[in-house]
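Listed here are the chains, written in short residue letters.
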Amino acid sequence: ITQEDPETGRTIQRTTLNVVTDVLKPMIKLQSEENGELTFLLQGNISSGGHSINKVRRIRLEKEPQQGNSIKLKYYVEIKHIPGKEGANVRGYNYSQQETYHIPKGVQSVYVEMYEDRINKKAGSKQPDLKLVAEQVFEL
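Residues numbered from 1 in each chain as written. Predicted model: local features only at pLDDT ≥ 70, side-chain atom pairs only at ≥ 80, totals over all residues. Heavy atoms only, no water.

*Asks:* Go over the overall build of the chain, please, and point to the residues and values.
*Replies:* Looking only at helices and strands, the chain features 0 helices and 9 strands. Tracing the chain from N to C terminus, the helices and strands come up as β-β-β-β-β-β-β-β-β. Relative to the compact-globule value of 14 Å for 140 residues, the chain shows a C-alpha radius of gyration of 21 Å, a clear excess of over 25%. Principal-axis analysis of the C-alpha atoms places the extent of the chain at approximately 75 × 35 × 20 Å. (Helix = DSSP H or I, 4+ residues; strand = E, 2+ residues; numbered from the N terminus. Rg over C-alpha atoms; globule rule 2.2 N^0.38 Å.)

*Asks:* Just give me the short version of the side chain of Arg118, but keep the residues and values in it.
*Replies:* Looking at where Arg118 falls in the secondary structure, it is placed in strand β8 (residues 109-118). When sequence neighbours within four positions are dropped, the list of residues in contact with Arg118 reads Asn54, Ile79, Gln127, Pro128 and Asp129. (Contact = heavy atoms within 4.5 Å.)

*Asks:* Can you break down the environment of Leu130 residue by residue, with the values?
*Replies:* The residue Leu130 is located in strand β9 (residues 130-139) in this model. Leu130 sits 15 residues away from Tyr115 along the chain, and the two C-alpha atoms are 6.5 Å apart.

*Asks:* So, the pairing of strand β3 (residues 27-34): which residues are in play, and what are the values?
*Replies:* Sheet topology note: the β3/strand β4 (residues 37-47) ladder contains 7 bridges and is antiparallel. If you follow Ile28 over to β4, its bridge partner there is Leu42. The antiparallel hairpin formed by β3 and β4 contains 2 residues in its connecting segment, where Asn35 sits at a positive phi of about 50 degrees. (Pairing = 2+ DSSP bridges.)

*Asks:* Now, about the nonpolar core: what can you tell me, with residues and values included?
*Replies:* Among the nonpolar cores identified, the biggest contains 20 residues, and Ile28, Phe40, Val110 and Val112 are the most heavily contacted of them. If you list the elements that add at least two residues to this core, you get β4, β6 (70-82), β7 (92-102), β8 and β9. By residue number, the principal contributor to this core is β6, which donates 5 residues. Ignoring any residue separated from it by four or fewer positions in sequence, one finds Val112 in contact with Ile28, Phe40, Leu73, Tyr75, Ala134, Glu135, Gln136 and Phe138. (Core = buried A, V, L, I, M, F, W, Y, C linked by side-chain atoms within 4.5 Å. Buried < 20%, exposed > 50% of the residue type's maximum accessible area, 1.4 Å probe, protein only.)

*Asks:* Please provide a residue-by-residue account of the sheet that holds strand β5 (residues 53-63), values included.
*Replies:* In space, the 4 strands of this open sheet follow the order β5-β6-β8-β9, with mixed pairing throughout. Both edges of this open sheet fall to β5 and β9, since each of them pairs with a single strand only. Each strand axis lies, on average, 15 degrees off the axis of its neighbour in the sheet, ignoring direction. Relative to β6, β5 is paired through 10 bridges, and the arrangement is antiparallel. Bridging across to β6, Lys55 finds its partner in Lys80. (Axes fitted to C-alpha atoms, helices over the stretch in contact; angles between N-to-C directions.)

*Asks:* How would you summarise the environment of Ile1 if you had to cite specific residues and measurements?
*Replies:* One can find Ile1 in the segment before β1 (2-4). What makes Ile1 exposed here is its relative accessible area of 55%. Expressed as a C-alpha distance, the spacing of Ile1 and Tyr101, which sit 100 residues apart in the sequence, is 50 Å. Aside from chain neighbours lying at most four places away, what touches Ile1 is Ile12, Gln13, Arg14 and Thr16.

*Asks:* Describe the pattern of salt bridges, and please don't skip the residues or the numbers.
*Replies:* Applying the stated criterion to the full structure yields 8 salt bridges. With a shortest N-O distance of 3.0 Å, Arg58 and Glu78 are connected by a salt bridge. Taken together, the residues span a long stretch of sequence, with Arg58 in strand β5 and Glu78 in strand β6 at a distance of 20 residues. Using a relative accessible area of 4% as the deciding quantity, one classes Glu78 as buried. Across the pair Glu64 and Lys74 runs a salt bridge, and its minimum N-O distance is 3.0 Å. Of this pair, Glu64 sits in the loop between β5 and β6 while Lys74 is found in strand β6, placing the two residues 10 residues apart along the sequence. When its relative accessible area of 29% is taken as the criterion, Glu64 is described as partly exposed. (Salt bridge = Lys/Arg side-chain N within 4 Å of Asp/Glu carboxyl O.)

In structure tokens, the structure reads:
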């Protein structure tokens with residue numbers, strides 16, 4: 001960026017950072033529902049930068065037992081803290097994963113919840129260990 005200094009009237013060139021990649025909002029998107037299978041996309045973004053390197057370790061599923069004609073699926077995005085320093089240009093990481101779930105007979109609704117699970121966080125961090133970031137109900 002080229003700017004003019006109001007006090008001296010000289011032209012100054014400065015370097016600024018512009019975000020190039022869109023930050024994904026945490027959500028669960030339905031992709032398809034056919035042949036007794038439900039396909040959806042889990043997506044989100046974790047912040048990382050400076051002296052806080054955070055990476056997605058894995059996304060794991062925990063199914064709760066079927067209650068009547070509904071079932072609940074809980075997905076945990078495991079985020080691990082890595083000691084060290086992140087590059088100056090890094091602001092965070094997007095993650096996405098497509099999931100396919102076979103729907104059992106008699107199920108009318110599927111509840112899907114997505115949590116961020118911080119496995120080992122930096123000492124003194126104010127981030128919660130477990131945080132609900134998205135939920136979606138699919139009526140069949």
